[in-house]
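Architecture at a glance
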Amino acid sequence: MLLARTSDGYQYVFDRPVRLLVVDDDPIMREFAVAQFSQPGATILTAEDGDQAWDLLQGQDGAFDLVLSDLEMPRCNGFMLVERIRSSPRHAQIPVVVITGRDDLFAIDRAYEVGATSFVTKPVNWRQLGYQLRYVLRTARMEAEIRQARDEAQRTAALRENLLGLLQHVTRTPLNAILGFGRLVRG
């Protein structure tokens, strides 16, 4: 699947390198996802259920930009996987797009309640999904930049407060000594 135009004349789904985890108990869906989203700079790993996906997320190389997960899987289903991801400080910010054959209100509401970023029903329109993933990734990157700027602003504010406190202490100390000596001379 090609979407974003590159200098070599090709169009790809992702406009920069991406690490994608595809979780589905259907091997054909996993293969379709790999075929649709493979491009230079893309690393796509697959898992057949939530437990296997969680193991990949917990591994040394578990830094993923995006997780695509089915809901109905054996052992650890998609709901449980999303809950695990959202409760993990290491992975809580990873966007999770749910792809499922379920389109009932319970599945939709529950997916968003546990922390899904987006919801797609099967059969998948791969072209539309490609655009949706680009949007989800762009939004996640902007949110990460905002969090980083906020953290930097908080560190700067704390540093400023420390410096002001130090300056107040330094300016008060000589003044207190002068005032004290003045009292002694007068008294």
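Quick look at the structure, then.

Okay, the pairing of strand β3 (residues 18-23) next. Across the six residues that make up β3, a large majority, six, are buried. Side-chain alternation along β3 places Val-18, Leu-20 and Val-22 on one buried face and Arg-19, Leu-21 and Val-23 on a second face that is also buried. Pairing of β3 with strand β4 (residues 42-47) involves six bridges; the strand directions are parallel. Each residue of the ladder has a partner; that of Arg-19, found in β4, is Thr-43.

Let us look at the pattern of salt bridges. Going through the model one piece at a time under the given rule, you end up with 13 salt bridges. A salt bridge links Asp-51 to Arg-84, with the shortest nitrogen-to-oxygen separation between them at 3.2 Å. Taken together, the residues span a long stretch of sequence, with Asp-51 in helix α2 (residues 50-58) and Arg-84 in helix α3 (residues 78-87) at a distance of 33 residues. Take Asp-51: its relative accessible area is 22%, and that puts it in the partly exposed class.

Turning next to the packing of aromatic side chains. Within the structure shown, the criterion is met by five aromatic pairs. Between Phe-14 and Phe-37 the ring centres are 5.9 Å apart and the planes differ by 45°, which places this aromatic pair in the tilted class. In this pair, Phe-14 sits in the loop between β2 (11-12) and β3 while Phe-37 sits in helix α1 (residues 27-37), placing the two residues 23 residues apart along the sequence. By relative accessible area, Phe-37 is classed as buried at 0%. By way of ring pairs, the aromatic residues Phe-14, Phe-32, Phe-37 and Trp-126 are connected into one cluster.

We now examine the packing of α3 against helix α4 (residues 105-114). Remark: α3 packs on α4, axes separated minimally by 8 Å, with the N-to-C direction vectors making an angle of 20°. The pairing of α3 with α4 is recorded here as roughly parallel in orientation. By crossing handedness, the relation of α3 to α4 is classed as right-handed. Contacts from Phe-79, Val-82, Glu-83 and Arg-86 in α3 reach Ala-107, Arg-110, Ala-111 and Val-114 in α4. For the contact of α3 with α4, the per-class residue count stands at five nonpolar, no polar and three charged.

Take the nonpolar core next. Grouped together as the largest cluster of nonpolar side chains are 23 residues, with contacts concentrated most on Leu-21, Val-23, Leu-57, Val-67, Leu-81, Ile-85 and Val-98. Elements with a contribution of two residues or more to this core: β3, α2, α3, β6 (96-100) and α4. Among the elements that line this core, the one with the most residues is α3, at four residues. Not counting chain neighbours up to four residues away, the residues in contact with Leu-21 comprise Leu-45, Thr-46, Ala-47, Ala-53, Leu-56, Leu-57, Phe-64, Leu-66, Val-67 and Leu-68. Ranked by size, the runner-up nonpolar core spans 20 residues in total, among them Phe-14, Phe-37, Ile-99 and Val-124.

Thresholds applied
- Residues numbered from 1 in each chain as written.
- Predicted model: local features only at pLDDT ≥ 70, side-chain atom pairs only at ≥ 80, totals over all residues.
- Heavy atoms only, no water.
- Buried < 20%, exposed > 50% of the residue type's maximum accessible area, 1.4 Å probe, protein only.
- Helix = DSSP H or I, 4+ residues; strand = E, 2+ residues; numbered from the N terminus.
- Pairing = 2+ DSSP bridges.
- Salt bridge = Lys/Arg side-chain N within 4 Å of Asp/Glu carboxyl O.
- Phe/Tyr/Trp six-rings, centres within 6.5 Å; stacked < 30°, edge-to-face > 60°.
- Axes fitted to C-alpha atoms, helices over the stretch in contact; angles between N-to-C directions.
- Parallel < 35°, antiparallel > 145°, perpendicular 65-115°, else oblique.
- Left-handed = near helix turned anticlockwise from the far one by under 90°.
- Contact = heavy atoms within 4.5 Å.
- Nonpolar A, V, L, I, M, F, W, Y, C, P; charged D, E, K, R; others polar.
- Core = buried A, V, L, I, M, F, W, Y, C linked by side-chain atoms within 4.5 Å.

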